[in-house]
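A look at the structure
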Amino acid sequence: QVPLVESGGGLVQAGGSLRLSCVVSGRTSSRYAMGWFRQAPGKEREFVADITSSGGRTNYADSVKGRFTISRDNAKNTVYLQMNSLKPEDTAVYYCAAGTLGGQDTRRYPYWGQGTQVTVSS
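Residues numbered from 1 in each chain as written. Predicted model: local features only at pLDDT ≥ 70, side-chain atom pairs only at ≥ 80, totals over all residues. Heavy atoms only, no water.

**Re the environment of Gln 82**
- Of note, Gln 82 is situated in strand S8 (residues 78–83).
- Spatially, the C-alpha atom of Gln 82 lies 19 Å from that of Ser 29, the residues being 53 residues apart in sequence.
- If near-sequence neighbours (up to four positions away) are discounted, Gln 82 is found in contact with Ser 17, Leu 18, Arg 19, Arg 67, Phe 68 and Thr 69.
- A distance of 2.9 Å separates polar atoms of two side chains, one belonging to Gln 82 and the other to Asn 84. (Helix = DSSP H or I, 4+ residues; strand = E, 2+ residues; numbered from the N terminus. Contact = heavy atoms within 4.5 Å. Polar contact = N/O pair within 3.5 Å; in protein donor to acceptor, adjacent residues only side chain to side chain.)

Shown next as structure tokens:
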């Protein structure tokens, strides 16, 4: 098991910003590619962004490109998701995930956090 703990969610007005954090507890996070996913009520979990184990490459869903930034600090075993220019449609539970493969498919990530709620009001 690889425990992942997210934090940083909350309620924000449209146009505002939040930064999510995900700590990889008890493990060296540099072993894993990391991803952020989100799930809105009644919808399937969807890919938001991912980053390679070294942090050298990132990838984003088209819906967040230019607004969200994924980064990592392997010395702190932490991955971040900086979310700017938030929209009401960004409202969801956000999950971080770890895996050796990375990518946009949830099946490539065996380890998941418990999720943190992000609510964007209009």
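Structure's up, so let's keep going.
**Thoughts on the state of the cysteines**
- Evaluation of the coordinates by the stated rule reveals one disulfide.
- One disulfide bridge connects Cys 22 with Cys 96, the sulfur atoms lying 2.0 Å from each other. Here the S-S torsion is close to 50°, and the disulfide linking Cys 22 with Cys 96 is therefore right-handed. In this pair, Cys 22 is assigned in strand S3 (residues 18–24) and Cys 96 in strand S9 (residues 92–99), connecting sequence segments 74 residues apart. Like Cys 96, Cys 22 is buried. (Disulfide = S-S within 2.5 Å. Buried < 20%, exposed > 50% of the residue type's maximum accessible area, 1.4 Å probe, protein only.)

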